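Descriptive structure summary
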Amino acid sequence: MLVAIIIHAIIQEYVLDKINRRMHFSKTKHSKFNESGQLSAFYLFSCIWGTFILISENYISDPTILWRAYPHNLMTFQMKFFYIAQLAYWFHAFPELYFQKTKKEDIPRQLVYIGLYLFHIAGAYLLNLNHLGLVLLVLHYFVEFLFHISRLFYFSDEKYQKGFSLWAVLFVLGRLLTLILSVLTVGFGLARAENQKLDFSAGNFNVLAVRIAVLASICITQAFMMWKFINFQLRRWREHSTFQAPTVKKKPTVTKGRSSRKGTENGVNGTVTSNGADSPRNRKEKSS
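What you are looking at is a predicted structure, and each value in this text was computed from that prediction instead of being measured. (Residues numbered from 1 in each chain as written. Predicted model: local features only at pLDDT ≥ 70, side-chain atom pairs only at ≥ 80, totals over all residues. Heavy atoms only, no water.)

Describing the confidence of the model for the protein
Per-residue confidence for the protein averages 84 on the pLDDT scale, and 84% of its residues sit at or above 70. The low-confidence segment residues 256-288 (pLDDT under 50) makes 13 contacts with residues lying over four places distant or belonging to another chain. (pLDDT = per-residue confidence, 0-100. Contact = heavy atoms within 4.5 Å.)

The structure is reproduced here in structure tokens:
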């Protein structure tokens, strides 16, 4: 956690603050830019590290390793260190809420965001589902990295929208792949395993109740993320349609008909003169 706090401060001071001083962002954009800058760096690093573990341990060539030989209580050093680093980063996010002077109205959203990460990462680690957790984390981090890097480009140029379009497609595909891999691993792979007995000493949690709880938590989280995603897209669509809507100017209405008797006597085109007795016609009659 201390290392994560130090790295966070270095990125903030030597990278993000310098860009903020050049761009002159508003307070709202300033906080969002800092958030996206920190998270994009973390997601990129985690994706590269996680992908290296997947390749080195042949997860991609043999998907059955996700559920075969469960429980996976024997972990390689890099796998264990990866999970410790993930937990340390998300635990460090709590004191960062104070250091970054997060607004009170944004704190509940941040707490939910951090809590979901800690819940799922710690759950995969403690239930010895670290193989499945690693694959899902790399998949999720890649999609989130694309979103935050697109938001950084958007802050520098508000006409940039291509990254968000690509992110929207990959976000939906990411949720679908997450559900497929979870059901395939927990619902089919572990359900057909021979050893289905709760054993804390051996780290075996392959029982029906635990499998249902794992699938329920994953499905509820994916549904929650899709609900937030749909609301986000609808809000962007409304803002875009409002911005693109042409402004219609009303033409001045001209009323036809007789002008009032007072207007014909004391004014021109219905406008009253300062002194009706000094109109050009009256002055002509006086001179004659």
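From this point, things continue past the structure.
Brief notes about the environment of V143
For V143, the position within the fold is in helix α5 (residues 130-156). Each C-alpha atom, one on V143 and one on W167, is 6.6 Å from the other, the two residues being 24 residues apart in sequence. (Helix = DSSP H or I, 4+ residues; strand = E, 2+ residues; numbered from the N terminus.)

A short note on the packing of aromatic side chains
Scanning the entire structure with this criterion turns up 31 aromatic pairs. Pairing Y89 with W90 gives two aromatic rings, centres 5.2 Å apart and planes at 90°, and the pair type is edge-to-face. Here the two residues Y89 and W90 agree in accessibility, since each one is buried. Taken together, the ring pairs connect F25, F33, F147, Y154, F155, F164, W167, F171, F229 and F232 into an aromatic cluster. One residue, R175, lies across the ring of F171, its end atom 4.7 Å from the ring centre. (Phe/Tyr/Trp six-rings, centres within 6.5 Å; stacked < 30°, edge-to-face > 60°. Buried < 20%, exposed > 50% of the residue type's maximum accessible area, 1.4 Å probe, protein only. Lys NZ or Arg CZ within 6 Å of the ring centre and 35° of its normal.)

Brief notes about the packing of helix α2 (residues 27-56) against helix α4 (residues 107-126)
Where α2 meets α4, the axes come as close as 15 Å, and the angle between the chain directions of the two elements is 5°. Between α2 and α4, the interaxial angle falls into the category roughly parallel. Here E35, L39 and Y43 of α2 come into contact with α4, specifically with R109, Q110, Y113 and Y117. Looking at the contact of α2 with α4 residue by residue, the classes come out as 4 nonpolar, 1 polar and 2 charged. (Axes fitted to C-alpha atoms, helices over the stretch in contact; angles between N-to-C directions. Parallel < 35°, antiparallel > 145°, perpendicular 65-115°, else oblique. Nonpolar A, V, L, I, M, F, W, Y, C, P; charged D, E, K, R; others polar.)

Regarding the UniProt feature "transmembrane region" (unreviewed entry) in the protein
As recorded in UniProt, the feature "transmembrane region" (unreviewed entry) lies at residues 41-61, 81-99, 111-128, 134-154, 166-188 and 208-230. Counting secondary structure, residues 111-128 comes out at 89% helix and 0% strand; the distance between its end C-alpha atoms is 25 Å. (UniProt positions renumbered as here; feature names shortened; annotations may be inferred.)

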